[in-house]
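What the coordinates show
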Amino acid sequence: MSELPPLIPLGSSGLQINKGFQCSPEEVPTAASKPRHSLGVLHVSYSVSHRARPWWDFASCRQRWNRQILKDVSLCVESGQIVCILGSSGSGKTTLLDAMSGRLRRKGTLLGEVCVNGQALRRDQFQDCFSYVLQSDTLLSSLTVRETLGYTAQLAIRGGSWGFIEKKVEGVMAELSLSHVADRLIGNHSFGGISNGERRRVSIAAQLLQDPRLARRDRIVILTIHQPRSELFQLFDKIAILSFGELVFFGTPVEMLEFFSGCGYPCPEHSNPFDFYMDLTSVDTQSKEREIETYRRVQMIESAYKESAIYHKILEHIERTKHLKTLPMVPFKTKDSPGTLPKLCVLLRRVTRNLMRNKLAVIMRLVQNLIMGLFIIFFLLRVQNDVLKGAVQDRVGLLYQFVGSMPYTGMLNAVTLFPVLRTVSDQESQDGLYQKWQMLLAYALHALPFSVFATLVFSSVSYWTLGLYPEVARFGYFSAALLAPHIIGEFLTLVLLGMVQDPNVVNSVVALLCVAGVLVGSGFVRNIEEMPIPLKIFTYFTFQKYCSEILVVNEFYGRNFTCGSSNSSVTANPMCAFNQGAQFIERICPGATSRFTADFLILYAFIPALVILGIVVFKVRDHLISR
């Protein structure tokens, strides 16, 4: 199922491990005497440390307890072999696969060695030697099977024509029986699509396409399986059984039958060996007595295995392999993938196509600002020019609402749409297809035209209906001033999604930042000149300050207000103090008229600054996840 490129003219290629299906060192056969690839796991143990009590329990929060997940696991596999890992839930199957493929995060302690062809791998070499299909499929639901595999091939293969890539995709789909669903959407739990089994095969196919030169023989396949049928028993070359992180048995099916028979547990006739030995090596926790009894039985079997000739033969084989000089080189994957710009173009096309098929998301992205504008229109209908009828107050309230709401609607887009793409990029970047920041940049580029269109629709309806300054140039400035905070709100959310996993937390943080920014930076609630120095300094780091100054100058500069009837005295009512817009500008934000162009430049400088910050954050995220 998985195939990897030759490293040397007569040799072979990579190692793939998949969870569900795992594939590994492959060798292009040349001669019968050619040495085979081997994968060795020697005395691997893994433990993690947890707080014994909650963090708020100060008396004992420093106390920690260690949990041993893997305990002295050793096994070896050779080219062409299929290995099945069995065990009950929590036995360590997934952790063992993660340890073998170098995907364990460094929050725990890993001991032991993983060797390929006798050479212990460094942490940075695992990605180039293993492929891995996760237990949960991370696929874009609105793409078809053919599109999903086609984009994967374009990200992995440099310089291949579309005909060449299409041939590769068709070949892999035929091999994994996906041709009949090639043009169906992947789907998810919300709407139909292909079946779960077909999704799993798509995930495997994506791994096979990530190396351009596929070898079809002598691969190592390592898989975990739940409730296997008895017909599969003779299909596996090796079977591993785990219980509480300990390797209870590893060997051929024939050796397994002989070993357990020697321990006094022969498999009954007409029974499924998988079910029988899974039950035999599981701990029954229904009662304390049964738990003690079954745990002792598992310990006895594990001790018998450690003393058996099968186990000692494995250790001798691994040690002997480490000293052989005839083994082929470590079969690293080829790295002939496209450059940064071609990958970015592929990601942009993939993101755009996937999101464009989400009709509800597209509609909401385009009209949510308009819906917000309609509420304001129905509330105010049209601003007046009479100070006594709220000419200044209504305009200040409008501008406050515009400055506060635009970044929030941008945030809603990112929180809704980007987490799925982030999950996909986390997986594909670990596979070496691209770096996480490239997915971030592709999403940002895809979002720009939507933001421009949505802002223009909103401002076109709101500006002229509400009766703001009747000049086309002023309308352009108004639209440009509102576009920036909308984009900034979305990009700020992307940056935080690179640091915080939970989108709900990001939603709350961005909302708080926007509220703080508009309260302090806009000058509408409190005059900036009257603020304490720390808050005054803080305003210079808020985009709301610059957006507010632009909108105030754009609306009030050159405008004259009336105050009641023409016969009334201006001095009789203190509200009539502002009968010219320039007076209000100097009262709210002194000198803003002369800073109009500078405010625009600073406001739009936030956008590239956030993009750069996002790239840095996602590079750090890439590094941390790879650790």
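Residue numbers here run from 1 along each chain, matching the order of that chain's written sequence. Residue-level local features of this predicted model are given only where pLDDT is at least 70; pairs of side-chain atoms are given and counted only at 80 or more, and the full residue set underlies all totals for whole chains, interfaces and linings. Only hydrogens and water are removed before side-chain values are computed, so all heavy atoms of the structure are retained for them.

1. Side note on the overall build of the protein chain
Cut-off, in case you're wondering: By definition, any uninterrupted DSSP run of H or I lasting at least four residues is a helix, any uninterrupted run of E lasting at least two residues is a strand, and each is numbered from the N terminus. Per-residue accessibility, obtained with a 1.4 Å probe over protein chains only, is compared with the maximum for each type, and a residue is labelled buried under 20%, exposed over 50%, and partly exposed between these values. Every residue pair with non-hydrogen atoms within 4.5 Å of one another is taken to be in contact.
Along its length, the protein chain carries 18 helices and eight strands. Here the protein chain holds 627 residues, and 53% of them are scored as buried. In the protein chain, 74% of the contacts between residues at least 6 apart in sequence involve partners at least 24 apart.

2. Focus on unusual backbone geometry
Of note, Asp 72 is a non-glycine position whose phi angle comes to about 50 degrees, a positive value. Relative to the assigned elements, Asp 72 resides in strand β2 (residues 64-78). Although it is not a glycine, Asn 117 adopts a positive phi angle of roughly 55 degrees. Secondary-structure assignment places Asn 117 in the loop between β4 (108-116) and β5 (119-120).

3. Remarks on the nonpolar core
In plain terms, the rule: For the purposes of this section, nonpolar cores are sets of buried Ala, Val, Leu, Ile, Met, Phe, Trp, Tyr and Cys residues that join through side-chain atoms within 4.5 Å.
By size, the foremost hydrophobic cluster in this structure holds 110 residues, and its most contacted members are Val 145, Leu 149, Phe 402, Phe 418, Tyr 443 and Phe 556. By size, the runner-up hydrophobic cluster in this structure holds 62 residues, among which are Leu 70, Phe 126, Val 221 and Ile 318.

4. Notes on helix α17 (residues 581-588)
This is how the line gets drawn: In this context, the arc is that of the directions from the helix axis out to the C-beta atoms.
Among the residues of α17, Gly 581, Phe 584, Ile 585 and Ile 588 are the ones counted as buried. The buried residues of α17 occupy one face: seen down the axis, they fall within an arc of 105 degrees. Of the surrounding elements, those touching the buried residues of α17 are α11 (391-430) and α16 (543-556).

5. As for the side chain of Arg 395
How we decide: Whenever two N or O atoms come within 3.5 Å, that pair is a polar contact, provided that in protein one can donate a hydrogen and the other can accept it, and provided that, for residues adjacent in sequence, both atoms are side-chain atoms.
Relative to the helices and strands, Arg 395 resides in helix α11. Looking at Arg 395, its side chain comes within polar contact range of the side chain of Glu 555, at 2.8 Å. In this view, Arg 395 contacts Val 383, Gln 384, Asn 385, Gly 390, Gly 467, Glu 555, Phe 556, Arg 559 and Phe 561; residues no more than four positions away in its chain are not counted.

6. Some remarks on the packing of aromatic side chains
For the record, the criterion: Each Phe, Tyr or Trp ring (for Trp, its six-membered ring) is paired with any other whose centre lies within 6.5 Å, and the angle between the two planes then decides the class: stacked below 30 degrees, edge-to-face above 60, tilted in between. A ring is scored as having a charge over it whenever the NZ atom of a lysine or the CZ atom of an arginine sits within 6 Å of its centre and within 35 degrees of its normal.
Applying the stated criterion across every chain yields a total of 27 aromatic pairs. When the centroid spacing of 5.5 Å and the interplanar angle of 80 degrees are considered together, the rings of Phe 402 and Phe 478 count as edge-to-face. With a gap of 76 residues between them, Phe 402 in helix α11 and Phe 478 in helix α13 (residues 472-499) connect regions that are remote in the sequence. With a relative accessible area of 2%, Phe 478 lands in the buried category. Put simply, the rings of Phe 249, Phe 259, Phe 260, Phe 276, Tyr 277, Tyr 305 and Tyr 311 pair up and form one aromatic cluster. A cation over a ring is seen here: Arg 474 above Tyr 469, with NZ or CZ 3.9 Å from the ring centre. In this structure, Lys 545 packs its charged tip against the face of Tyr 540, placed 4.9 Å from the ring centre.

7. Remarks on the pairing of strand β8 (residues 246-251)
As a reminder of what qualifies: At least two bridges found by DSSP between two strands is the condition for calling them paired.
A large share of β8 lies buried, amounting to six of its six residues. Bridge analysis of strand β7 (residues 238-243) against β8 gives five bridges, and the strand direction is antiparallel. Considered in β8, the bridge of Ser 243 is made with Glu 246.

8. Considerations on α11
Residues lying three or four places apart along an α-helix face the same way, a consequence of the helix completing one turn every 3.6 residues. Quick reminder of the rule: Helix span is expected to be 1.5 Å times the residue number reduced by one.
Taking 1.5 Å of rise per residue, 40 residues should cover 58 Å, and α11 covers 58 Å from first to last C-alpha, within 8% of that figure. In terms of residue burial, α11 counts as a mostly covered element, since 28 of its 40 residues are buried. Downstream of α11 by one or two residues, Gly 432 has phi in the positive range, about 85 degrees.

9. Thoughts on the environment of Val 424
With respect to the secondary-structure elements, Val 424 resides in helix α11. It is 9.2 Å that separates the C-alpha atoms of Val 424 and Met 439, two residues lying 15 residues apart in sequence. The contact partners of Val 424, leaving out residues within four places of it in the chain, are Thr 138, Leu 139, Leu 140, Arg 350 and Tyr 434.

10. Details of the environment of Gln 81
Mapped onto the elements of the fold, Gln 81 is located in the loop between β2 and β3 (82-87). Classification of Gln 81 as buried rests on a relative accessible area of 14%. Separated by 157 residues in sequence, Gln 81 and Lys 238 have C-alpha atoms that sit 7.3 Å apart. The residues touching Gln 81, leaving out its near neighbours within four places in the chain, are Arg 219, Ile 220, Val 221, Asp 237 and Lys 238. A distance of 2.9 Å separates the side chain of Gln 81 from the backbone nitrogen of Glu 78, its partner in a polar contact.

11. Focus: the confidence of the model for the protein chain
For clarity, the cut-off: What pLDDT reports is the predictor's confidence in each residue, on a scale of 0 through 100.
Looking at the protein chain, pLDDT values average 83 and 88% of them are 70 or higher. Within the protein chain, β5 has the poorest average pLDDT of any element, 80, and α13 the best, 95. Per-residue pLDDT stays below 50 along residues 1-33; that stretch engages in 161 contacts with residues further than four places along the chain or on separate chains.

12. Here we look at a nonpolar patch on the surface
Put simply, the test is: By definition, no residue in a patch forms a salt bridge, and every one has over 30% relative accessible area; like charges are joined within 9 Å, nonpolar side chains (Val, Leu, Ile, Met, Phe, Trp, Tyr) within 5 Å. Surface exposure here means Shrake-Rupley accessible area, sampled with a 1.4 Å probe, where a residue is shielded only by the protein chains that are shown. Salt bridges, as used here, are contacts in which a Lys or Arg side-chain nitrogen is within 4 Å of a carboxyl oxygen on Asp or Glu.
A cluster of nonpolar residues, Leu 360, Met 364, Ile 371 and Phe 375, forms a patch on the protein surface that exposes about 430 Å² of accessible area. By the secondary structure assignment, Ile 371 is in helix α10 (residues 359-380). Overall, the relative accessible area of 37% leaves Ile 371 in the partly exposed class.

13. A closer look at the pattern of salt bridges
With the rule as written, the count across this model stands at 17 salt bridges. Residues Arg 353 and Glu 147 are paired through a salt bridge, measuring 3.1 Å at the closest nitrogen-oxygen approach. Placement of the pair is Arg 353 in helix α9 (residues 340-356) and Glu 147 in helix α2 (residues 145-156), with a sequence separation of 206 residues. Put simply, Glu 147 and Arg 357 hold a salt bridge, and the shortest N to O gap is 2.6 Å. Residue Glu 147 is found in helix α2, and its partner Arg 357 is found in the loop between α9 and α10; the two are separated by 210 residues along the sequence. Relative accessible area serves as the criterion here: at 14%, Glu 147 is assigned to the buried category. In this structure, a network of salt bridges that share partners links the residues Asp 72, Glu 302 and Lys 306.

14. Digging into the packing of α10 against α11
Keep this limit in mind: To get an axis, a line is fitted to the C-alpha atoms, and for a helix only the part in contact is used. The angle between two axes follows their N-to-C directions and goes from 0 to 180 degrees. Any angle between 65 and 115 degrees counts as roughly perpendicular, while under 35 counts as roughly parallel, over 145 as roughly antiparallel, and the rest as oblique. For any pair of crossing helices, the crossing counts as left-handed if the nearer helix is rotated counterclockwise from the farther one by less than a right angle, and right-handed if it is rotated clockwise. Each residue is assigned to one class: nonpolar for Ala, Val, Leu, Ile, Met, Phe, Trp, Tyr, Cys and Pro, charged for Asp, Glu, Lys and Arg, and polar for all the others, Gly among them.
Running from amino to carboxyl end, α10 crosses α11 at an angle of 160 degrees, the nearest separation of the two axes being 11 Å. Overall, the two elements α10 and α11 adopt an arrangement that is roughly antiparallel. Relative to α11, α10 is oriented so that their crossing is right-handed. Note on element contacts: α11 touches α10 through Asp 394, Leu 398, Gln 401, Phe 402, Ser 405, Met 406, Thr 409, Leu 412, Asn 413 and Leu 417, opposite Ala 361, Arg 365, Gln 368, Asn 369, Met 372, Ile 376 and Leu 380. Of the residues in the contact of α10 with α11, the class split is nine nonpolar, six polar and two charged.

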